[in-house]
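Breakdown of the fold
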Amino acid sequence: MSGEPVTVWARPERGTRGPAAAHSRAELTAVAVALADRGGLTAVTMRQVAKELGVGQASLYRYLSGRADLLDLMADAAAGEIDLAEPLSGDPVADLVALAVRTKAVHLRHPWLSDIPPEPLRLGPRGLDYLEYALRALAPVRLPGRAKVEAVALMNALTAQFARAELQGARTDTDRRTAQAAYLNEAAARGDHPHLAAALADGTATEPAGPATDPAADPQELFARTMHRVLTGLVQPAP
């Protein structure tokens with residue numbers, strides 16, 4: 001390729017050289033997503049995608065410049081699974097928390113998403129739709145546009161981290177998690193860490209201490225509560 005670098009979205013669907021392409025980018029993306037769902041992101045290689053399609057690896061370069069393009073396509077396909085048809089309530093925090101909950105569900109459905117290297121501008125058509133929806137939710141907030149974009153970026157990063165932790169927690173042995181929680185509570189009870197003890201003792205029926213001290217804590221409720229607090233702070237205009 002020559003000239004200025006362009007994203008996969010700015011290039012033609014199919015290259016103009018060589019025989020007519022037999023597959024579409026959508027087909028390549030679907031194969032790559034299926035591979036990642038089965039074997040994680042490391043299972044997604046140009047060679048394996050070509051094998052699944054029954055074509056030579058070289059033929060993929062009529063669609064893509066490399067694996068980075070494939071990751072862009074996969075990330076955008078996942079963004080397309082997030083429901084953006086949900087009407088906005090007019091409450092920016094509530095609307096963004098609801099969006100984050102729907103986004104986390106997609107991360108849990110596709111664990112490999114958390115392994116895609118984060119890039120602030122990794123945005124395809126569906127990603128742009130997602131960002132537009134989030135900024136529309138923030139329209140009532142009196143903040144500079146850049147601060148709104150930063151708030152959405154932080155929301156997405158926190159969502160990915162919570163999804164990763166939830167997936168890891170599901171794979172962690174229950175007895176091990178119980179032992180870890182017991183150790184933390186015993187350490188706090190010895191009196192050497194009074195602030196920790198006070199924090200653990202401060203939980204209420206509506207505000208459990210969380211998975212660190214309660215292996216049975218509801219990760220969904222914890223996520224929504226934490227995200228609400230974070231977003232409330234982010235959308236307050238700076239003094």
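Residues numbered from 1 in each chain as written. Predicted model: local features only at pLDDT ≥ 70, side-chain atom pairs only at ≥ 80, totals over all residues. Heavy atoms only, no water.

1. Digging into the overall build of the protein
- Of the regular secondary structure elements, the protein holds 9 helices and 0 strands.
- When its helices and strands are written in sequence order, the protein yields α-α-α-α-α-α-α-α-α.
- With 239 residues in all, the protein has 36% of them scored as buried.
- When the accessible surface of the protein is totalled, it reaches about 13,900 Å², and 57% of it is carbon and sulfur. (Helix = DSSP H or I, 4+ residues; strand = E, 2+ residues; numbered from the N terminus. Buried < 20%, exposed > 50% of the residue type's maximum accessible area, 1.4 Å probe, protein only. Areas by Shrake-Rupley, 256 points an atom, 1.4 Å probe, with all protein chains shown as cover.)

2. A short note on the nonpolar core
- With 48 residues, the main nonpolar core has Val-49, Met-74, Trp-112 and Met-155 as its most contacted residues.
- Elements with a minimum of two residues in this core: helix H1 (25–39), helix H2 (46–53), helix H3 (67–79), helix H4 (92–109), helix H5 (125–137), helix H6 (145–171) and helix H9 (219–234).
- When neighbours within four sequence positions are excluded, Met-155 is seen to be in contact with Leu-96, Leu-99, Ala-100, Tyr-130, Met-227 and Leu-231. (Core = buried A, V, L, I, M, F, W, Y, C linked by side-chain atoms within 4.5 Å. Contact = heavy atoms within 4.5 Å.)

3. Some points on helix H7 (residues 174–189)
- With 16 residues, H7 should reach 22 Å at 1.5 Å per residue; the first-to-last C-alpha distance of 23 Å fits that figure.
- Of the residues making up H7, those classed as buried are Ala-181, Ala-187 and Ala-188. The buried residues of H7 all sit within an arc of 125° when viewed along its axis, so they share a single face. More than 90 degrees from the buried face of H7, the exposed residues found are Asp-175, Arg-176, Tyr-183 and Ala-189.
- Directly after H7, the chain includes Gly-191, whose backbone phi takes a positive value near 95°. (Expected span 1.5 Å × (residues − 1). Arc of directions from axis to C-beta.)

4. With respect to the packing of aromatic side chains
- Applying the stated criterion across every chain yields a total of 1 aromatic pair.
- Ring centres of Phe-162 and Phe-223 lie 5.2 Å apart, and the angle between their planes is 65°; this geometry places the pair in the edge-to-face category. Residue Phe-162 is found in helix H6, and its partner Phe-223 is found in helix H9; the two are separated by 61 residues along the sequence.
- A relative accessible area of 0% means that Phe-223 is categorised as buried.
- Here the basic side chain of Lys-104 rests over the ring of Phe-223, its NZ or CZ set 5.1 Å away from the ring centre. (Phe/Tyr/Trp six-rings, centres within 6.5 Å; stacked < 30°, edge-to-face > 60°. Lys NZ or Arg CZ within 6 Å of the ring centre and 35° of its normal.)

5. Describing the packing of H4 against H9
- In contact at an axis separation of 9 Å, H4 and H9 are set at 140° when each is read in the N-to-C sense. Overall, the two elements H4 and H9 adopt an arrangement that is oblique. Between H4 and H9 lies a crossing whose hand is right-handed. Listed contacts from H9 to Val-93, Leu-96, Val-97, Ala-100, Val-101 and Lys-104 of H4 are Gln-220, Phe-223, Ala-224, Met-227, His-228, Leu-231 and Thr-232.
- The residue makeup of the contact of H4 with H9, split by class, is 9 nonpolar, 3 polar and 1 charged. (Axes fitted to C-alpha atoms, helices over the stretch in contact; angles between N-to-C directions. Parallel < 35°, antiparallel > 145°, perpendicular 65-115°, else oblique. Left-handed = near helix turned anticlockwise from the far one by under 90°. Nonpolar A, V, L, I, M, F, W, Y, C, P; charged D, E, K, R; others polar.)

6. As for the side chain of His-107
- Residue position: His-107 is located in helix H4.
- Those residues in contact with His-107 that sit more than four places away from it in its chain are Leu-113, Ser-114, Ala-160, Ala-163 and Leu-167.

7. Focus: the packing of H7 against helix H8 (residues 194–201)
- Interhelical geometry of H7 versus H8 gives an angle of 120° and a closest axis separation of 8 Å. Judged on the interaxial angle alone, H8 and H7 are oblique. In this structure, the crossing between H7 and H8 has a hand that is left-handed. Judged by residue contacts, Leu-184, Asn-185 and Ala-188 of H7 engage Leu-196, Ala-197 and Leu-200 from H8.
- Class assignment of the residues belonging to the contact of H7 with H8 gives a composition of 5 nonpolar, 1 polar and no charged.

8. Examining the environment of Ala-139
- Take Ala-139: it is sitting in the loop between H5 and H6.
- A residue is classified by how much of its surface remains accessible, and Ala-139, at 53% relative accessible area, is exposed.
- Separated by 49 residues in the primary sequence, Ala-139 and Gly-90 place their C-alpha atoms 8.8 Å from one another.

9. What about the environment of Asn-156?
- Here Asn-156 shows up in helix H6.
- Between the alpha carbons of Asn-156 and Leu-99 there is a distance of 9.8 Å; along the sequence they are 57 residues apart.

10. A few points about the pattern of salt bridges
- As enumerated under the stated definition, the model contains 9 salt bridges in all.
- In this structure, Arg-38 and Glu-52 form a salt bridge, with 3.9 Å as the shortest nitrogen-oxygen distance. Note that Arg-38 is positioned in helix H1 and Glu-52 in helix H2, a separation of 14 residues in sequence.
- Given a relative accessible area of 59%, Arg-38 falls into the exposed group.
- Where Arg-225 meets Glu-221, a salt bridge forms, and the shortest distance between an N and an O atom there is 2.5 Å. Taken together, the positions of Arg-225 and Glu-221, both in helix H9 and 4 residues apart, correspond to about one turn of that helix.
- Looking at Arg-225, the relative accessible area reads 15%, which means it is buried.
- The network of salt bridges with shared partners includes Asp-72, Glu-119 and Arg-122. (Salt bridge = Lys/Arg side-chain N within 4 Å of Asp/Glu carboxyl O.)

In short, geometric facts, not functional conclusions.
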